[in-house]
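Chains, contacts and geometry: an overview
The lines below spell out each chain.
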Amino acid sequence: MTALAFQRSEKKILKPIEKLVYERPHSLDENHTHYCPGCTHGIAHRLIAEVLDELGLQEKAILVAPVGCAVLAYNYFDVDGAEAAHGRAPAMATGLKRVNPDSVVFTYQGDGDLASIGIAEVIHTAVRGENITVIFINNAIYGMTGGQMAPTTIPGQVTTSSPNGRDTAQTGYPMQIAELLSGLPGTAYSVRRSLHDTRHIIQAKKAIRTAFEAQLQELGFSIVELLSSCPTNWGMTPIKALDWARDNMIPQYPLGDYKVVDELKKKRRNR
Amino acid sequence: MAKGRIVIDVERCKGCELCRDACPQDVLMLSDKFNNKGYRPVFLLEHDNECTGCALCAIACPDACITVYRQVPQRRLHPAQTAV
Amino acid sequence: MAKELLKGNVAIAEAAIRAGCEAYFGYPITPQTEILEHLAKRMPELGRVFLQAESEVAAVNMVYGAACAGARVMTSSSSPGISLMQEGISYIASSEVPAVFVDVMRGGPGLGNIQPTQSDYNQVTKTAGHGDFHPIVLAPATIQEAIDLMALSFDLAEKYRTLVFMALDGAIGQMMEPAELPPMQEVRRERPSWALTGKQGRDHKNIVTSLYLGAEPLTKFNAKLQAKLAEIEANEIRYDELLTDDAQLLITAYGTAARVAQTAVKRLRQENIPVGLFRPITLWPFPTERLGQLAGRVPAFLSVEMNAGQMIHDVREAVGRTVTVDFLGQPGGVIPLPEEIEDKVRQMWLKLEAVA
Ligand SMILES: Cc1ncc(C[n+]2csc(CCOP(=O)(O)OP(=O)(O)O)c2C)c(N)n1
Ligand code: SF4
Ligand code: SF4
Ligand SMILES: [Mg+2]
């Protein structure tokens, strides 16, 4: 039964009203994304856009999206945006923010991008306490180039460049980015969340909101690491991929708050 | 239980079924037909009238295809909240 | 304003400030560090942006970011640092955002040395990064010229939304000379329409990208880029001539090599050898046409460079195969002596007379 029919039939007694409870955020562009079906890049985009809407930041936001599956992210957000070279988004964001201190600048980086080729840029951006927000998509793989090993690949995980599973004796161990960056005084906020189910998605959104609030309050560098899926290169259905993320990534990458400066804690209590 | 309704942007949908997996009422199904992108989009099994408007499908959807409405008694609403 | 005694690197830094440079990002490397140090002091005093980056890779991408915001922005470095910046340079070229680079060249390849050379000629004019583009490259020979070209660099960068390099050898960066600085230009606060500022009520978002998926869009973009480069070639060639009117023998040289050559030319003229000096100020676009004209009546050229012979290829292309083009110079950080140039020109002149 449609809502209208429902209203009509019970008009006399209740007059229920239909309320909009969820709509596509305005900070997303109308373009369809090129992401594979069920890829959580899309969820992360949506959450960022929802937060930008809620905080009223669409007119102030500048996105910097480097190479990776999300290189075209500037087509998917309805905010000013730049594409960056592989790993260099935090440096570019630094340049943007320093000359536009009133803008809200955020990068959207994959794990190959941030943890491998761009590790120096992200660390020094945090060292400087740069007032930018980093959304870090950890899907334990190089998605765009077809599924090679990333610094975040789980031990034993099969990728096209670790065909027998990641061998830690040869290639070392996964990088714990949220923990690593939490050790720097310039970091105001460093947390890890997951996108594998709705409960965790809601928590992820709250973290993204806090990260942007940290920037608005000029508290320093903020980063949200999001455990994400790459169904295509993991070779799974989207639903199986989320299960895999829950069962294999969370034990390797414990969810939690690794650094939350006091100013943000107070804010949370007051809410 | 509150009644709800969802509207799916069929052309945007990629048939990934994450919404279906998230739906506690199990009222989402993949269509037999294909959209212009070549995916089988989801649709709401409306005859059961069991959608509660909880919006979990929309929260799970990577492509932001789902708009959610929920029916609430009028008196509980502040006028500004009557979005539709 | 009166002339004062200025060190090259300091003059360049102060000239950038006077030109309204809003932001500087850089990394220390000899022989250009005084630029960074001067700006470290002056920019914050003036409420402008100075940031020492963690590497040249980061510095160039900070420049890229600030350029996307439409700010007057620059960096400075020296040869190995420019090598590291090349990725960003290519992205900036493709994104068509204005940015200014100063390369105070040192000896290469590798870590080389910190002696003055012109060993980056090919790098800055031809291979500044992957893909088809050229930065505008300006080569000052005096500190006054470096000051003047600094302001021009920003104007050209913004006019064409392109990269402008000022390429000088370490000698000009390190020496002192009387020169006059221009009056102070304030930082321009309004941003160009294409700049990333946040939408701020605009009905469309602004995007800066260097990504063109598919052959057709990238072909189209490259055609547009090439058309722009052709326009720069048509409008922006700059050079200087000394005693070229009656010259039978022409030295081509820029920067410090040109200063030495100028001394040699003056002395050789006293011996009645009809030699002149042609000094490109823009290394790209190269003054090909004018050199070609001169080659119509000058039978011999000598390219004097502080490298193994890089500009000589552009000279050869300009003057054609019927004209002799000799080379004098060496890589490694040695400035040629006027006497060496004089000897070489005398030999060439004897040969020319023998033929005639
Ligand atoms: C300098 C450079 N090296 C390599 C590449 C190729 N490349 C593009 S994306 C990518 C990896 C992206 O992986 P990640 O950052 O994890 O993003 P994902 O696609 O997984 O979201 C690589 C290696 C490049 N574009 N530039
Ligand atoms: S390759 Fe992986 S990360 Fe990239 S869009 Fe597809 S599923 Fe997402
Ligand atoms: S989650 Fe979104 S894209 Fe996936 S099937 Fe449901 S509506 Fe379609
Ligand atoms: Mg990845």
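Preceding this section is the structure that the text describes.
The following paragraphs examine the structure supplied in this document. (Residues numbered from 1 in each chain as written. Chains lettered and ligands numbered in written order. Predicted model: local features only at pLDDT ≥ 70, side-chain atom pairs only at ≥ 80, totals over all residues. Heavy atoms only, no water.)

Listed per partner, the contact involves 37 residues of chain A and 36 residues of chain C. Surface buried jointly by chain A and chain C totals about 2600 Å² across both partners, of which 56% is contributed by carbon and sulfur atoms. Counting the surface chain A buries against chain C, the share from its top three residues, Glu59(A), Asp80(A) and Val99(A), is 23%. Inspection of the chain A/chain C interface yields five salt bridges. Between Arg128(A) and Glu54(C) there is a salt bridge whose closest N-O contact spans 3.0 Å. Seen at the junction of chain A and chain C, the total is 23 residue pairs in polar contact (both at pLDDT 80 or more). Mapped by element, the contributors of at least two residues to the side of chain A that touches chain C are strand S2 (61-66), helix H3 (73-76), strand S3 (80-84), helix H4 (89-99) and helix H6 (119-127) of chain A. (Contact = heavy atoms within 4.5 Å. Buried area = accessible area lost by both parts, 1.4 Å probe. Salt bridge = Lys/Arg side-chain N within 4 Å of Asp/Glu carboxyl O. Polar contact = N/O pair within 3.5 Å; in protein donor to acceptor, adjacent residues only side chain to side chain. Helix = DSSP H or I, 4+ residues; strand = E, 2+ residues; numbered from the N terminus.)

All names here are of chain C. Put simply, helix H1 (residues 8-18) and helix H2 (residues 33-45) touch, their axes get as near as 8 Å, and they point 40 degrees apart. For the element pair H1 / H2, the angle class is oblique. Our pair here, H1 against H2, has a crossing hand that is right-handed. Contacts between H1 and H2 involve Asn9, Val10, Ile12, Ala13, Glu14 and Ile17 from the former and Glu34, Ile35, His38, Leu39, Arg42 and Met43 from the latter. (Axes fitted to C-alpha atoms, helices over the stretch in contact; angles between N-to-C directions. Parallel < 35°, antiparallel > 145°, perpendicular 65-115°, else oblique. Left-handed = near helix turned anticlockwise from the far one by under 90°.)

In this section: the coordination of the magnesium ion (ligand 4). Residue and element names in this part refer to chain A. Donor atoms from the polypeptide that bind the magnesium ion (ligand 4) are Asp111 (OD), Asn139 (OD1) and Ile141 (O), placed at 2.0 to 2.2 Å. Linear spacing of the donor residues for the magnesium ion (ligand 4) on their chain is D-x27-N-x1-I. With Asp111 in helix H5 (residues 111-117) and Asn139 in the loop between strand S5 (133-138) and helix H7 (168-171), this pair connects stretches of sequence that are 28 residues apart. Both residues of the pair, Asp111 and Asn139, belong to the buried class. (Donors = N, O, S within 2.8 Å, 3.2 Å for Na, K, Ca; no water. Buried < 20%, exposed > 50% of the residue type's maximum accessible area, 1.4 Å probe, protein only.)

Residues and elements named next belong to chain C. Applying the stated rule across the entire model yields 51 salt bridges over all chains. Between Glu34 and Lys7 there is a salt bridge, with the nearest N and O atoms lying 3.2 Å from each other. Linking Glu34 in helix H2 with Lys7 in strand S1 (residues 4-7), this pair joins segments that are 27 residues apart in sequence. Overall, Glu34 belongs to the buried group, its relative accessible area being 19%.

What follows covers the site of ligand 1. Close to ligand 1 lie 17 residues; His41(A), Asp111(A), Gly112(A), Asp113(A) and Gly143(A) are nearest. Near ligand 1, the surrounding residues belong to chains A and C. Between an oxygen atom of ligand 1 and a main-chain N or O atom of Ile141(A), the distance comes to 3.1 Å. Between Gly143(A) and ligand 1, the recorded distance is 2.8 Å, taken from a backbone N or O atom to an oxygen atom. Protein coverage of the free-state accessible area of ligand 1, which is 590 Å², stands at 77%. Take the shell around ligand 1: its biggest share by element is four residues, from H5(A). (Near = heavy atom within 4 Å. Areas by Shrake-Rupley, 256 points an atom, 1.4 Å probe, with all protein chains shown as cover.)

Taken residue by residue, the interface counts 35 residues in chain A and 38 residues in chain B. Each partner contributes to the roughly 3200 Å² buried at the junction of chain A and chain B, and carbon and sulfur atoms together form 59% of this total. Considering only the surface of chain A that becomes buried against chain B, Ile17(A), Glu18(A) and Lys19(A) emerge as the three largest contributors, covering 21% of it. Across the chain A-chain B interface, the total number found is two salt bridges.

Another point: the side chain of Thr198(A). The topology assignment puts Thr198(A) in helix H9 (residues 198-216). Among the residues examined, Thr198(A) registers a relative accessible area of 15% and is labelled buried. Once residues within four sequence positions are removed from consideration, Thr198(A) is found in contact with Ala22(B), Leu56(B), Ile59(B) and Ala60(B).

So, about the site of ligand 2. Residue and element names in this part refer to chain A. Taken together, Tyr35, Cys36, Cys39, His41, Cys69, Asn139, Gly143, Cys230, Pro231, Thr232 and Asn233 make up the full set of residues near ligand 2. Residue contributions to the shell around ligand 2 peak at three residues, all from helix H10 (residues 231-234). When the residues that make up the shell around ligand 2 are grouped by side-chain class, the tally is six nonpolar, five polar and no charged. (Nonpolar A, V, L, I, M, F, W, Y, C, P; charged D, E, K, R; others polar.)

Let us now look at the side chain of Asp314(C). Residue and element names in this part refer to chain C. Along the chain, the position of Asp314 falls in helix H11 (residues 311-319). Here Asp314 falls in the buried class, since its relative accessible area comes to 11%. A polar atom in the side chain of Asp314 sits 2.5 Å from the side chain of Tyr121. Setting aside its immediate chain neighbours within four residues, Asp314 contacts Tyr121, Lys126 and Phe286.

On to unusual backbone geometry. As a rule of thumb, non-glycine residues mostly have phi less than zero, and peptide bonds are mostly trans rather than cis. A cis amide bond links Thr30(C) with the next residue in sequence, Pro31(C), at an omega value of 5 degrees. If you check the backbone angles, Glu218(A) has positive phi at about 55 degrees while not being a glycine. With respect to the helices and strands, Glu218(A) occurs in the loop between H9 and strand S7 (221-227). Looking at Glu218(A), the relative accessible area reads 60%, which means it is exposed. At Gln200(C), a position not held by glycine, the phi torsion is positive, near 45 degrees. Along the polypeptide, Gln200(C) turns up in the loop between strand S9 (176-179) and strand S10 (207-208). We classify Gln200(C) as exposed; its relative accessible area is 58%.

Residue and element names in this part refer to chain A. If you trace the backbone, Thr187 turns up in strand S6 (residues 187-194). Given a relative accessible area of 0%, Thr187 falls into the buried group. Here the alpha-carbon distance between Thr187 and Asn131, two residues 56 residues apart in the chain, equals 9.3 Å. Setting aside anything within four residues of it in sequence, one finds Thr187 in contact with Ala126, Leu181, Ser182, Phe221, Lys259 and Val261.

Residues and elements named next belong to chain A. The buried count for S2 comes to six of six residues, which makes it a mostly enclosed element. Alternating residues of S2 divide into Ala61, Leu63 and Ala65 and Ile62, Val64 and Pro66, and every residue in both groups is buried. Of the strand pairs in this sheet, S2 and strand S4 (residues 104-110) are connected by four bridges, and their pairing is parallel. Directly across from Val64, in S4, lies its bridge partner Thr107. Summarising the sheet, S2 and S3 pair through five bridges and their orientation is parallel. The partner of Val64 across the bridge, within S3, is Ala82. (Pairing = 2+ DSSP bridges.)

This part is about the pairing of S4(A). Residue and element names in this part refer to chain A. The buried fraction of S4 is high, at six of seven residues. The pairing of S4 with S5 spans five bridges and is classified as parallel. Within S5, the residue paired with Tyr108 across the bridge is Ile135.

In this structure, the largest pocket encloses a volume near 460 Å³. The set of elements that each furnish at least two residues to the lining of the largest pocket consists of strand S1 (17-22), helix H2 (41-54) and H9 of chain A. When grouped by side-chain class, the residues that make up the lining of the largest pocket number eight nonpolar, one polar and ten charged. Reported here for the second largest pocket is a volume of approximately 340 Å³. Along the wall of the second largest pocket there are 18 residues; nearest its centre are Ser90(C), Ser94(C), His130(C), Ser210(C) and Leu218(C). Secondary structure elements with two or more residues in the lining of the second largest pocket: helix H4 (79-95) and helix H8 (215-235) of chain C. Among the residues forming the lining of the second largest pocket, the class breakdown is ten nonpolar, six polar and two charged. (1 Å grid on protein atoms, 1.4 Å probe; cavity = no way out; pocket = protein on both sides within 12 Å on 5 of 7 lines; lining within 4 Å. Points joined across faces, edges and corners; volume = space filled by probe spheres on them.)

Keep in mind that these numbers describe shape and distance, not what the molecule does.
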